[in-house]
Amino acid sequence: MSWQTVLGFEIHIELSTNSKMFCGCPANHFNTPPNSQVCPVCLGLPGALPVPNAKAIEWCIKLGLALGCKINLQSKFDRKNYFYPDLPKGYQISQYDQPLCVEGNLLGHKIRRVHMEEDTGKLLHQGSETLIDFNRSGVPLVEVVTEADFNDSNDSDNFLKELQQIIRALGISSCDMEKGSMRLEANISVSPDESFPNYKVEIKNVNSFRFVKKAVDFEVSRQIKLLETGQTPIQETRGFKETTGETFSQRVKEEAHDYRYFPEPDIPPFEFTQAQIEKWRSELPILPSQKRLQLVELGLSENYARIISADPEMYDVFMKNPTKQTADLLINKREARVVSNIPEEKIREVVSKVISANIAIVESIKAGKTQAIGALIGQIKKELGDIDIPLTQKIISEIMKL
Amino acid sequence: MNLDLSISELAKKYRSGVVTPEDVLNECLENIEKNNPKLNIFITLRDRQELLAEARNVKFETLLSGIPYVLKDAYVTKDIRTTSASNVLNNYIPDYDATVVKKLRDAGAILIGKTNMDAWGHGGSSENTDFGPVKNPWDVSRVAGGSSGGAAVAVSARMAMFAIGEDTGGSIRNPAGWCGISGLKVTYGRVSRYGAIAYASSLDSVGPMAKNVEDLSLILELIAGQDKLDATSSPTEVPVYSKNLNLDLKNIKIGIPLEPDQAIKDALVKLKELGAEIMEVSLPMLKYAVPTYYLLAPSETSSNLGRYDGIRFGQDRSNFTQESMRRIIIGTYALSAGYYDAYYKKAQQARTKIIEDYNTAFEKCDVIVMPVAPTVATKLGELISDPVKNMLADLYMVTTNIAGIPSLAIPCGFEEGVPVGFQIQGPMFSEELLFKIGHQYQQVTDWHKAKPNI
Ligand SMILES: [Zn+2]
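Below, the structure is looked at part by part. Please read these numbers as outputs of a predicted model, since none were measured by experiment.

1. Section: the pattern of salt bridges
The tally for this structure, following the rule as stated, stands at 50 salt bridges over all chains. Lys102(B) serves as the salt-bridge partner of Asp106(B), at 3.2 Å between the closest nitrogen and oxygen. In this pair, Asp106(B) and Lys102(B) both sit in helix α4 (residues 99-107), four residues apart, roughly one turn of the helix. On the basis of relative accessibility, which here comes to 46%, the residue Lys102(B) falls in the partly exposed class. One salt bridge connects Glu382(B) with Lys389(B), and the closest N-O pair in it is separated by 2.9 Å. Judged by relative accessible area, which is 29%, Glu382(B) ranks as partly exposed. Through salt bridges that share partners, Lys55(A), Glu58(A), Lys62(A), Lys279(A) and Glu283(A) make up one connected network.

2. Details of the pairing of strand β9 (residues 129-133) of chain A
One ladder, built from five bridges, connects strand β8 (residues 122-126) of chain A with β9(A); its direction is antiparallel. Its bridge partner lying in β9(A), Lys122(A) is registered against Asp133(A).

3. What to know about the packing of aromatic side chains
Tallied over the entire structure, the rule returns 27 aromatic pairs over all chains. With a centroid separation of 5.4 Å and an interplanar angle of 50°, the aromatic rings of Tyr96(B) and Tyr194(B) are classed as tilted. Note that Tyr96(B) is positioned in the loop between β2 (68-72) and α4 and Tyr194(B) in the loop between β7 (182-185) and β8 (205-210), a separation of 98 residues in sequence. Note on Tyr241(B) and Phe435(B): the rings are 5.3 Å apart at their centroids and 80° apart in plane angle, and the pair reads as edge-to-face. With Tyr241(B) in the loop between α7 (213-223) and β9 (253-256) and Phe435(B) in helix α14 (residues 431-444), this residue pair connects regions lying 194 residues apart in the sequence. Under the relative-accessibility criterion, Phe435(B) is labelled buried at 0%. One aromatic cluster is present, built from ring pairs that chain together Phe22(A), Phe77(A), Phe270(A), Phe272(A) and Trp280(A). Geometry around Tyr259(A) places Lys80(A) over its ring, the cationic atom sitting 4.4 Å from the centre.

4. What about unusual backbone geometry?
Along the chain, Gly146(B) connects to Ser147(B) via a cis peptide bond; the corresponding omega equals 10°. Relative to the helices and strands, Ser147(B) is located in the loop between β5 (139-143) and α5 (149-156). Not every positive phi belongs to a glycine, and Asn35(A) is a case in point at roughly 55°. Phi is positive for Asp79(B), close to 65°, though the residue is something other than glycine. Mapped onto the fold, Asp79(B) is located in the loop between β2 and α4.

5. Side note on the sheet that holds strand β6 (residues 162-167) of chain B
Residue and element names in this part refer to chain B. Reading across the sheet, the eleven strands line up as β1-β3-β2-β6-β8-β7-β12-β13-β11-β9-β10 and stay open at both edges, with mixed pairing between neighbours. Taken across any chain shown, the strands that pair with only one partner, and hence form the sheet edges, are β1 (42-45) and β10 (277-280). Going across the sheet, the axis of each strand differs from the next one's by a mean of 30°, ignoring polarity. Relative to strand β12 (residues 407-415), β7 is paired through three bridges, and the arrangement is antiparallel. Counted as the bridge partner of Leu184 is Leu408 from β12. Seen against the sheet, α7 touches β6, β7, β8 and β12 and runs at an angle of roughly 145° to β8. Packed onto the sheet, α14 meets β7, β11 (367-371), β12 and β13 (418-425) and runs at close to 25° relative to β12.

6. Details of the nonpolar core
Nonpolar side chains in soluble globular proteins tend to end up buried together. Counting residues in each nonpolar core, the largest one holds 185 residues, and the members touching the most others are Ile11(A), Leu63(A), Leu67(A), Val114(A), Phe162(B), Ile164(B) and Phe422(B). For Ile11(A), the contacting residues outside a window of four places in its chain are Val142(A), Glu143(A), Val144(A), Thr146(A), Phe159(A), Leu160(A), Leu163(A), Met182(A), Arg183(A) and Leu184(A). Membership of the second largest hydrophobic core comes to 33 residues, among which are Ala200(B), Val290(B), Ala297(B) and Tyr358(B).

Thresholds applied
Residues numbered from 1 in each chain as written. Chains lettered and ligands numbered in written order. Predicted model: local features only at pLDDT ≥ 70, side-chain atom pairs only at ≥ 80, totals over all residues. Heavy atoms only, no water. Salt bridge = Lys/Arg side-chain N within 4 Å of Asp/Glu carboxyl O. Helix = DSSP H or I, 4+ residues; strand = E, 2+ residues; numbered from the N terminus. Buried < 20%, exposed > 50% of the residue type's maximum accessible area, 1.4 Å probe, protein only. Pairing = 2+ DSSP bridges. Phe/Tyr/Trp six-rings, centres within 6.5 Å; stacked < 30°, edge-to-face > 60°. Lys NZ or Arg CZ within 6 Å of the ring centre and 35° of its normal. Axes fitted to C-alpha atoms, helices over the stretch in contact; angles between N-to-C directions. Contact = heavy atoms within 4.5 Å. Core = buried A, V, L, I, M, F, W, Y, C linked by side-chain atoms within 4.5 Å.

Honestly, that's just the spatial picture; any functional story needs more than this.
In C-alpha cells:
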C-alpha cells in the first residue's frame, strides 16, 4: 500500500518593529531583564487599551504581497478568548474571519492566510515555581498558514527556507528559529488514498530546519507503522527530542477548543485603498526568486544562482561585476570557507554523547588507533550535519584528554 | 451654600477672592461627614489634609481649577484604590491614571474620592455592589439608580461640584434622572476610555454629571478629544460648548417616539413655548433594544472580565456577585460555537437596524425626546431581586449606547415625591445641540435647582 502524507504548516514570525503591537514598549525582548519592557497595555491591567502598530500592519501586508496573497481591503482584529497564565488579558488579539492577506502561493504551495496577532508572555519554570516574563507579551506576530499540500520533508524544507529568505529580504524579522523569532508548527497525518484523514498530529517547538525535517520524517513513519497494524494515530500535540530524533506525546486534544472569537471592540476595523496596497507593493525589495531568475538570465547555472541569491553579500559583489569569473571566484571562495553555524556548545554536547556511547572506539583511539576519530566524527556529522571539522576534532581531543 | 452655585459662578468667586477652593472643599467634607453614612456614596475618600493642601495650591488656569469633583470607582487612579465596587479588586491600587483623571488634574479640578456603583457597571440601581447599596437622597428607602449611583448622589447631596460617571446602557442618565441632576452620555469616541475599567467596550462611554447643563458643557470641553491611547477616540474637533449655549429653538424639530407621560408633556410644552416644533417619529426597533443590549454587553463583559483570575492582582473569581456571574455566563454562552450565529451575530445585526432606525428618524427631526426610565426610583431591593425587571428598567437608555449617539438627561419634575428626568437624544457628535436645547430649557425651568432636604 502506498501512503499519502498530508502535511501543512503554521508559521509564526516575530516582527522586528521598534515597538510592540499595541503599546509603546520596545519589541525586541531577546536577553532583556524580565519584566523590564512592560506597561499597562501589555500587562493587561484594568482600563488599558490597545492601539495598533501601523508599521506592523504594513509589514504583514508586505509579506502577504511577497507571497502573492490577495489583500483584504477590509480587515479587523478579533479576540481569541482562552485562559493561560502567559496571556494577561484572558484573550489574544488576533484575526479570525478577515485576515489581512489570503490565498497566496510560494514554490507551488498554497498559502491559506497571513494574519497579524500579538505574542504572549513567557513562563519560566524554576523548581516548583513558575515565573512570568511579560517582555514578549504584545510583540507583533505574523502567522502564515499553509494548505496541507506538502508531500514530504524535502518539499517543506525548501519551502520554509525560501520563506525565511523572503522575510529576511523584506527586513521585517530576524526570522531566527533558535531565538524563536520564527516558530513552526507542523500538522501531519497520513492517508491510504486521496481522502483526508480524520485525525491530525501537531508537532510544536522544533527550533531548526534540520530538526523539522527529522521530526516530519520520524512522525510520518511512526504514523505509517501504526496504520499498517490497523491502528489510527490519535489526535495530539507532539514535541521533538533532539537527542533521539523522535517525537513524543505532549498533549492529547479531546476536542476542538472554543475560542469564542468576536470582533475586537477596542480597535476600529481597517479599510485600505487599492492605491495604498499598490504603493506598498512597489516598495517590495527584489525577492529571492526574482534574484535567482535574474542571475539565470545573466548566464549562471541554477545551482550558482541559488547559492549566490541566498547570500545578500555575495549577491551584491556579483552584481557589481556580473560575469562568470566573478561567480566562480565567489563560489570557490565560499567552498574554501565552509563555516558551520552550529554553536560550539551544541557540538560539545553531541561529542560527549557520542563518546560515552562508543566506548570501544574510544578505547581504540586511546590505544593509538587515532584514525578511528573519523568514525566518531561521522556519527557527530550524522546528528548535526555540516560541522566545523577542525573545531570538532579539537573538542574530541579535549574531552578525551588526548 | 457655595455648592449650590454653578461652576462658572463659583469660578468667578474664586477669582474675585471672596471664596477659596478650601472653603468649598470644607463644605463638601462637611456634607460628606454628615450624610455619607446615610447614603453610602464613597468607596474611597482621599485624605483630608492632602485634599486641603491641594486646595491651597490651586492655580486658576481653567474654569475647573479648584473645583472639587468625585469619580465613579470605574476609573483607575494612580496610587488610589480602584475597586469597580467589586471584592475582586477591593485591594487593587493602580499604577497609572485614566486619561479623564489626568485631564481633570491638568485642568486643576480636585478629586475628593471614588464613588460606589454597581460592580463592573452591572446594574441600574447601585445595589449590585460589594460595598452596600447607595441610597437616594430624596428618599432613603429608594435606590439612587445606577450604575453611577454614588456619583449622582454626591452631586445631588452637595458633596462635590460635579462627577464623572460611566454610561454603558444608561448608567449616567438613570441615576441622574432618579436623583434630579443632569448627566450626559457622550457620543462613542468623544471622550477617551483609556483607564476606564471596561464593562462592554463597544458601548462604554465616559461622561460628566452635574447640577445643570452649563456645567456639563464646561466639563465636556475639557475632557473630550482624541487620545493616542484610545484607538476608538475620535479626531472630531471639540467645540467650546459653554460659549455656544444660546440658541433660538425656532428651527428645532423635536421627535417623539412614545406617548409622553405627564412630566414629559409639561417639558414639551416648555420646549414648544421656546419655539421648538414637536413631531411624532417612530423607532420600530425599540422593542428589540433590551434583548440586543443584553446579548452584546454580556458577550463583551465575559471577555473583558476574563483577566480577573486572581493570579496577578485582586482576589479570585468566586468574589463576583450573582448578577455579574449571570452576565458573564450569558455572554460566554452567546459567543460559543454553535450559539454565536443565533445570539451574538443576531444582536450585531439588530444593532445595525437600530442605527438605521435612528438615521431615518434624524432625517425628520433634529433630536428625540424620551423619558429616562419607565418608573421613578424603585424601593431598595426591588430590582436586585428581580433580574428581568432590572433589565427592563434600561429600556429607554440602551438604544443610544447601541447606536453610539449622545443623550442628555435632565430633570423635569417630581412623581411620588422623587425626581424624574427626560432625555434629549441626538445624532453622532451633536452634543453642542443637545446642550443648547437643555440649557434653554433650564433657563425657563427650576427643576435642576431643586435639592434634597437631607
Ligand atoms: Zn507595553
